[in-house]
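# Close look at the chain arrangement
Read off the chains here:
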Amino acid sequence: MSIDAPAVLGEPIPRLEGRQKVTGEALYAYEYRADEVLYAWPVQSTIVTGRILRLHTDVVLAMTGVVEVLTHLNAPKLADGDDGELLVLQSDRVAYRGQVVALVLATSIDTAREAAAALDVDYQNDGLDVELSAEHPKLYAPEEVNAGFATDSEQGYVDAAFATAAFTTDEVYTTPALFNNPMEPHATLAAFDGERLDVRDSSQGTSSVQQTLSTMFGLDPANVRVRSEHVGGGFGSKGSPRPNVILAVMAARVTGRPVKIAYTRQMMFALAGYRTPTISHVRLAANADGRLTAISHQSYTQTSTIQEFAEQVAEPSRHLYAAPNRLMTHRLAALDVPTPRWMRAPGEAPGVYALESAMDDLATVSGIDPVELRIANEPDVDPESGTAFSSRNLVGCLRRGAELFGWAERDPRLGIRRDGRFLVGTGVAAGMYPAMTSASGARVRALPGGRYELGVNATDIGQGARTVMAQIAADALGVPVSAISVDLADSTLPKGPVAGGSSGTASWGWAVTKACERLRSELAAGAPVPPEGYEVEVETSVDVDAMAPLARFAFGAHFVEARVDLDSGEVTMPRMLGVFAAGRILNARTARSQFLGGMTMGLSMALHERGELDAVLGDYANHDLATYHVAANADVRDLRVEWLEEEDRQLAPMGGKGIGEIGIVGTAAAVASAVRHATGVKVRDLPIQPDRLIGQLPPRFL
Ligand code: MOS
């Protein structure tokens, strides 16, 4: 697909910066050069909670090449930027193991690392409280949960519905702490020129970093420039500023020199934000034909003692299926742990795993086919708000998936299919993710000769934003993509929202469409194009505010085949199929990658990923990629992605729903369903590692 072809939304145009990336020409935050740069290396606490009594900085400052050691005793005071995790080096208090207690600045990266390792710190050790349970005495109801959703909601009488139900399930489903591991670790280069601050940050949104830095350091936002031209992934961990950017700016301020910092992979596990472990108690009641009469989802998660983060685990259960009696609750315990934060589909990934596993349990106890059970519970309107859906094609996804996967030939009996030393089974689960849009600015300039410069503060974290924004602009202007150049990820551009919540494309793209349509009509009306160009700039708050009050979600259905090794208990998936309904697909190539990536992360969540809490040490013991296994090529076999043609006129003008997160939602429930079909063993504690199954499988030789 050539970028010189007439612009068409949906065409599988390759990433515009693809060549720069594979040739190494594309620069990431840490790769920019700066004269007189200093290298920063954080020192992390080795206790869980307590006080810093003494930092032996004199020894470190005497090392050749060490320029400064920042601690709570000499670091600049920061204003509160609404995230306690960012208030680094502000007190002698330690709130979790791995928290930053000092920052070494040196003239080479090796010296910085060596000096950081050489810094001795004396602590008062106050003990630890790090283990989440549904009975933890510190559990409380937060005022609201992530993204502003209600903590609790209740309708009807769940317990009464259980008394008269034909079928019920009542089980607890858990997911472990999961860690964001984008290819590029968090990194920052910060430099002051007088009062002007210039920052290169590996971030999902420069406007939000700029705003936080201005607030916390008391700077005029006009003097703060943040750029994130190329970003090697984030999954939500770069959706808000992390300590790295605060530390770099702090050090640049103190030393008057440019400062670079990059997390090591090990640091990522404490300092990037991770998915809280989740405990979901799900109870379902249904009548004889499988229609749900009650849905109850009570969730338990953790936060830290320095910042509240409440993952909205039970929120998706308010929207996926209807029932006259419903109860969804969130309880949270503030433990001595790093603050959990966003990780691809916070809320939906663990919440839908629990709900859809419960639906699979209900299918098993009722004997109703799991696809038909879901279709029987398809709601007419959003069960929570009572409003209509803008579009809802879950049934279409399930039917299309069943057809492609050959579901009709499936024998529902459990644990009876053998192929050599493997037990074989298939499973299904549904997924959904909200389709959100927020206000964004954009500007576009027509240049003489038919070229156009687009400026939109989108961030391309690998998902293809640069390419899709160019496609949207080309489409709106009626020109080839090759006529467009794109400026993005720069806080000096019109303000734009983060690449998060699967809302970036809709939000930025709406502003791009509006700017390009306005430019096109002004040019058509005879506006002159002077040598410096003719520019329009727009903003979309009025448009977004005027959206009809509808329930907007993307939907998906996952079908998987699992093979379970009778000797080792290892699960592999020879076939995975995801069918999605996400509105209009704007670039078939990058969209397919997004769905594949989400499903792969779902596979990884289902089978491999688990933070192993060492309750004595008070930390996750496997904090590196040698011991925390993320799905690799060999784990992924035949992965297939399909999408439905969906016409939804109640979205942003391009007609697409976000696709960054829907791929991970429901995958793990489908895997657990397939493993039970294969073995007869239902695993309700992720991940389904071999020890979950071994000892429960039949002998290999009968
Ligand atoms: Mo995503 S967790 O909303 O960046």
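Details of the structure are given in the entry above.
Note that this is a predicted model, so its numbers are computed, not measured.

What the chain contains, in helices and strands, is 16 helices and 28 strands. Considering only C-alpha atoms, the chain reaches an extent of 75 × 75 × 50 Å along its principal axes. Counting only residues that meet the buried cut, the chain has 60% of its 702 residues in that class. Of the contacts made within the chain by residues no fewer than 6 positions apart, 81% connect residues no fewer than 24 positions apart. In the form shown here, the chain has an accessible surface area of approximately 25,900 Å², with 49% of it arising from carbon and sulfur atoms. When the 62 positive and 87 negative side-chain charges of the chain are each reduced to one mean point, those points stand 4 Å apart.

Another point: the sheet that holds strand 15 (residues 278–286). Within the open sheet, the five strands sit side by side as 7-17-16-15-8. Their pairing is mixed. In this open sheet, the two edge strands, each paired with only one partner strand, are strand 7 (153–155) and strand 8 (167–175). Direction aside, the axes of adjacent strands within the sheet are offset by 10° on average. Across nine bridges, strand 15 lies against strand 16 (residues 292–304) in antiparallel orientation. Note that in strand 16 the partner of Ile279 across the bridge is Tyr300. Most of the contacts of helix 8 (residues 348–366) go to strand 8, to which it runs at about 145°, and overall it touches strand 8, strand 15 and strand 16.

Here we take up the pattern of salt bridges. Inspection of every chain in the model, using the stated rule, returns 42 salt bridges. Linking Arg257 and Glu36 is a salt bridge whose minimum nitrogen-to-oxygen distance equals 3.9 Å. Separated by 221 residues along the polypeptide, Arg257 in the loop between helix 6 (243–255) and strand 13 (259–262) and Glu36 in the loop between helix 1 (18–23) and strand 1 (38–44) bring together distant segments of the chain. Its relative accessible area of 56% is what places Glu36 among the exposed residues. Within the structure, one salt-bridge network assembled from shared partners comprises Glu171, Asp360, Asp361, Arg676, Lys682 and Arg684.

Another aspect to go through is the environment of Phe595. Residue placement: Phe595 occurs in helix 14 (residues 588–607). Look at Phe595 and you get buried, because its relative accessible area is 0%. As a C-alpha pair, Phe595 and Asp110 span 485 residues in sequence and 40 Å in three-dimensional space. Not counting residues up to four positions away in its chain, the partners in contact with Phe595 are Phe580, Ala582, Ile585, Val641, Trp643, Ile659, Ile662 and Gly663.

Another aspect to go through is the side chain of Asp565. Tracing the chain through its elements places Asp565 in strand 24 (residues 553–565). From its side chain, Asp565 meets the backbone nitrogen of Asp567 in a polar contact 2.8 Å long. Asp565 has contacts with Arg421, Phe422, Glu570 and Leu697, leaving out every residue within four places of it along the chain.

This next bit is on the packing of helix 11 (residues 465–477) against helix 12 (residues 504–524). Closest axis-to-axis distance for the helix 11/helix 12 pair is 8 Å, and the angle between their directions is 30°. Relative to helix 12, the element helix 11 is oriented roughly parallel. The handedness of the crossing between helix 11 and helix 12 comes out as right-handed. In contact with Ala465, Val468, Met469, Ile472, Ala473, Asp475, Ala476 and Leu477 of helix 11, helix 12 contributes Thr505, Trp508, Gly509, Val512, Thr513, Cys516, Glu517, Leu519 and Arg520. Considering only residue class, the contact of helix 11 with helix 12 consists of 11 nonpolar, three polar and three charged.

With that settled, the discussion passes to the nonpolar core. In this structure, Leu213 and Ile688 are the most contacted members of the largest nonpolar core, which totals 167 residues. There are two domains that each give this core at least three residues, and those are domain 2 (32–127 + 183–271) and domain 3 (144–177 + 275–435 + 550–701). Ignoring any residue separated from it by four or fewer positions in sequence, one finds Leu213 in contact with Leu197, Val199, Gly218, Leu219, Val224, Val226, Val245, Ile246 and Val249. By size, the runner-up hydrophobic cluster in this structure holds 40 residues, among which are Val456, Val481, Ala483 and Ala506.

Reading across from one edge, 4-2-6 is the order of the three strands in this open sheet, with antiparallel pairing throughout. In this open sheet, the two edge strands, each paired with only one partner strand, are strand 4 (93–94) and strand 6 (121–125). Pairing of strand 2 (residues 50–55) with strand 4 involves two bridges; the strand directions are antiparallel. Counted as the bridge partner of Arg51 is Arg93 from strand 4.

Parameters at a glance
Residues numbered from 1 in each chain as written. Predicted model: local features only at pLDDT ≥ 70, side-chain atom pairs only at ≥ 80, totals over all residues. Heavy atoms only, no water. Helix = DSSP H or I, 4+ residues; strand = E, 2+ residues; numbered from the N terminus. Buried < 20%, exposed > 50% of the residue type's maximum accessible area, 1.4 Å probe, protein only. Contact = heavy atoms within 4.5 Å. Areas by Shrake-Rupley, 256 points an atom, 1.4 Å probe, with all protein chains shown as cover. Lys, Arg positive; Asp, Glu negative; His and termini not counted. Charge placed at Lys NZ, Arg CZ, Asp CG, Glu CD. Pairing = 2+ DSSP bridges. Axes fitted to C-alpha atoms, helices over the stretch in contact; angles between N-to-C directions. Salt bridge = Lys/Arg side-chain N within 4 Å of Asp/Glu carboxyl O. Polar contact = N/O pair within 3.5 Å; in protein donor to acceptor, adjacent residues only side chain to side chain. Parallel < 35°, antiparallel > 145°, perpendicular 65-115°, else oblique. Left-handed = near helix turned anticlockwise from the far one by under 90°. Nonpolar A, V, L, I, M, F, W, Y, C, P; charged D, E, K, R; others polar. Core = buried A, V, L, I, M, F, W, Y, C linked by side-chain atoms within 4.5 Å. Domains from an automatic or database assignment.

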